[in-house]
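A look at the structure
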Amino acid sequence: MEYESFRKRSYYIQLIRNFFIKKDYVEVDTPVLTPFVIPESGIEIFKTSYINPVNFEQKELYLLPSPEIMMKKLLASEPGNIFQIVKSFRNGEQISSLHNPEFTMLEWYTMDFDYIDSISVIQEFLRYLLKESGRSL
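Anyway, here's the lowdown on the structure attached to this text.

Rules of the game
- Numbers given to residues run from 1 along each chain, matching the order in which its sequence is written.
- A pLDDT threshold of at least 70 governs which residues receive local features in this predicted model, and a stricter bar of 80 or more applies before side-chain atom pairs are shown or counted, although totals over entire chains, interfaces and linings include all residues.
- Think of the side-chain values as coming from all heavy atoms in the structure, minus any hydrogens and water.
- Strands here are runs of E lasting at least two residues and helices are runs of H or I lasting at least four, both read from the DSSP assignment and numbered beginning at the N terminus.
- Burial classification: accessible surface area is computed with a 1.4 Å probe over protein chains only, and a residue below 20% of its type maximum counts as buried, one above 50% as exposed, and the rest as partly exposed.
- When checking whether two residues touch, look at their non-hydrogen atoms; a contact exists if any pair is within 4.5 Å.
- Methods summary: accessible areas were calculated by the Shrake-Rupley approach with a probe of 1.4 Å, and residue burial reflects only the protein chains presented.
- Lys and Arg are tallied as positive, Asp and Glu as negative. Neither His nor the chain termini are counted.
- For charged residues, the charge sits on one atom: NZ in Lys, CZ in Arg, CG in Asp, CD in Glu.
- In this description, strands pair whenever DSSP reports at least two bridges between them.
- The rule for a salt bridge is simple: a side-chain nitrogen of Lys or Arg has to be within 4 Å of a carboxyl oxygen of Asp or Glu.

What about the overall build of the protein?
For the protein, the count of helices and strands is three helices and six strands. Each helix (α) and strand (β) of the protein, taken in turn from the N terminus, gives the series α-β-β-β-β-α-β-β-α. Across the 137 residues in the protein, those meeting the buried criterion constitute 28%. For the protein, long-range pairs separated by at least 24 residues make up 63% of all intrachain contacts whose partners lie at least 6 apart in sequence. Of the roughly 9,800 Å² of accessible surface on the protein, 54% is carried by carbon and sulfur atoms. Each charge class in the protein can be summarised by its mean position, and for the 15 positive and 19 negative side chains these summaries are 6 Å apart.

So, the sheet that holds strand 3 (residues 46–51)
Spatially, 2-4-3 is the arrangement adopted by the three strands of the open sheet, whose pairing is antiparallel. The outermost strands of the open sheet, each flanked by one partner alone, are strand 2 (33–34) and strand 3. Examined bridge by bridge, strand 2 and strand 4 (residues 58–63) share two bridges and lie antiparallel to one another. Considered in strand 4, the bridge of L33 is made with L63.

Some details on the pattern of salt bridges
If you walk through the whole model with that rule in mind, you get five salt bridges. Its salt-bridge partner being K23, residue E124 comes within 3.2 Å of it at the nearest N-O pair. Taken together, the residues E124 in helix 3 (residues 115–132) and K23 in the loop between helix 1 (3–22) and strand 1 (26–27) connect sequence positions 101 residues apart. Judged by its relative accessible area of 38%, E124 falls in the partly exposed class. A relative accessible area of 30% means that K23 is categorised as partly exposed. Two residues, K87 and E102, come together in a salt bridge whose shortest N-O distance is 3.8 Å. With K87 in strand 5 (residues 82–89) and E102 in strand 6 (residues 102–109), the pair connects residues that are 15 residues apart, well separated along the chain.

If you want it as structure tokens, here you go:
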């Protein structure tokens, strides 16, 4: 990846953060390595093992394909509007210039919104990104 691509990626990630922070969402950072996953028939999971350095016991762990389960656990204990920009992992995927088994995902949750309210947030978000990047519809 060339430097200009990193620069653009950094710029857009900052725009995304700014949008959600201005809307009073809290950025969270949930684990990507976990002992459990949500079973999804169409998604293969990366498995690994944690080796305890004291007794050398091994524990099977998984790289999450989405932050969904961890974010929902957080919402169950501390309700509020949250978002996360996180690395996600999906095994058994094609690798190309547009696709990778390791990728960055934006996930957000808004309390007390229905699907119509959510559509409005998405529209506002896309308009914001277009405006801030000097583009238009």
